[in-house]
Amino acid sequence: MMTDSSMLTILKDGDEQRVRASFEGERLWLSAVDFTRLTGWHLEDRGLCRENRCMSLLDRSTVTDGERIDVAGFATRMEMPWMVDRAEAAAALGESANT
Amino acid sequence: MTAAGSTHPVLLDSEHLVPDRYGMLNVPTIVWIDERGRIARANDVQFGNDAFIDFHGIPSAPHLEALRRWVNDDVRPSDDGAERKRQLLPTADEQGGRACFSLAWYLWRSGREDAAARWFQRAGELAPYDYAIRRAALPIQGKDPMGPDFFELYAKWGTPGYAERPKPKA
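Described below are features of the structure shown in this document. (Residues numbered from 1 in each chain as written. Chains lettered and ligands numbered in written order. Predicted model: local features only at pLDDT ≥ 70, side-chain atom pairs only at ≥ 80, totals over all residues. Heavy atoms only, no water.)

**Things to note about the pairing of strand S1 (residues 4-12) of chain A**
All names here are of chain A.
And then number 1: Pairing between S1 and strand S2 (residues 15-24): nine bridges, direction antiparallel. Looking across to S2, one finds that Asp4 is bridged to Phe23.
And then number 2: If you look at the hairpin formed by S1 and S2, you'll find two residues sitting between the two strands, and Asp13 has a positive phi there, around 55 degrees.
And then number 3: The pairing of S1 with strand S9 (residues 90-93) spans three bridges and is classified as parallel. Residue pairing in the sheet places Ile10 in a bridge with Ala91 of S9. (Pairing = 2+ DSSP bridges. Helix = DSSP H or I, 4+ residues; strand = E, 2+ residues; numbered from the N terminus.)

Okay, here's the thing in structure tokens:
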């Protein structure tokens, strides 16, 4: 699969973050640091965690390749809307209806 | 607000955070917030006067009277449990529409109007009755929020409220 690394603006909670991201099909990889800065979540052995809350991952490969985090996979796991305009190098990560 | 000579505080939410977080669909939406910052009465469509009552059919008096009872006599029309029950929780499509709107607004501010227009359109497809999105998109794009585009929207969706999920008119 071809990957394409470029700068992307991701919108979340009214903030804009410029991050280096790698597209791979529908997947969008961020460094773990940028991912945590964007979402507040981080990866642990027990799953994705934020403060005192964790979400288990039955298949970790849906979200991580071991180093990077796939924001699209994260959004799917968390049922968060994820809108990407690749031509404009911009995306928005919304709030889940189940939050 | 400066041009209007406002003498009271006005909070401007340019990034739409409040409608996003509290599921506001219509303009105007009223929320009662008590002195502790807690919601005492959840989202509702109400008006401060009857200037447009022929249009929407919602008289202002019952709500204003209830508001006075609460402020003057500390009498709420319903308790916390009833307020929770009557809240309209968001759908995945509505949340998707909100994400599209935030992307469109960012693109518009960045001068990428054609791309923004596509995302405004997509937001409206996902959340067709969300006036907080659809009417907000009109003046951003140089359209009249009380013009033909709004009346076309109104003909289909009327005055979306919070008692149940809005349904299109026949």
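**What to know about the pairing of strand S2 (residues 39-44) of chain B**
Residues and elements named next belong to chain B.
And then number 1: Among the six residues in S2, five count as buried, and that is most of the element.
And then number 2: Examined bridge by bridge, strand S1 (residues 30-33) and S2 share three bridges and lie antiparallel to one another. Bridge pairing links Ile33 to Ile39 in S2.
And then number 3: The hairpin formed by S1 and S2 contains five residues between the paired strands, and Gly37 there has a positive phi angle of roughly 85 degrees. (Buried < 20%, exposed > 50% of the residue type's maximum accessible area, 1.4 Å probe, protein only.)

**Regarding the interface of chain A and chain B**
And then number 1: On the chain B side, the residues contacting the 17 residues of chain A number 20 residues.
And then number 2: Buried surface at the junction of chain A and chain B, summed over both partners, amounts to about 1400 Å²; 63% is from carbon and sulfur atoms.
And then number 3: Looking at the side of chain A facing chain B, the largest losses of area belong to Met83, Glu88 and Ala97 of chain A, adding up to 36% of the total buried there.
And then number 4: The tally of links between chain A and chain B comes to two salt bridges.
And then number 5: In this structure, Arg112 of chain B engages Glu88 of chain A in a salt bridge whose closest nitrogen and oxygen atoms are separated by 3.3 Å. (Contact = heavy atoms within 4.5 Å. Buried area = accessible area lost by both parts, 1.4 Å probe. Salt bridge = Lys/Arg side-chain N within 4 Å of Asp/Glu carboxyl O.)

**Some points on the nonpolar core**
And then number 1: Core analysis: the biggest nonpolar cluster contains 24 residues, and Leu8, Ile10, Leu30, Phe74, Trp82 and Leu93 of chain A have the highest contact counts within it.
And then number 2: Within the residue set of this core, elements represented by two or more residues are S1, S2, strand S3 (27-30), helix H1 (32-39), helix H2 (71-78) and S9 of chain A.
And then number 3: At five residues, H2 of chain A tops the list of elements feeding residues into this core.
And then number 4: If we skip the residues at most four places from it in the chain, Ile10 of chain A touches Asp15, Glu16, Gln17, Val19, Leu28, Leu30, Leu38, Trp82 and Ala91 of chain A.
And then number 5: Formed by 22 residues, the second largest nonpolar core is a distinct cluster that contains Cys100, Trp108, Ala115 and Trp119 of chain B. (Core = buried A, V, L, I, M, F, W, Y, C linked by side-chain atoms within 4.5 Å.)

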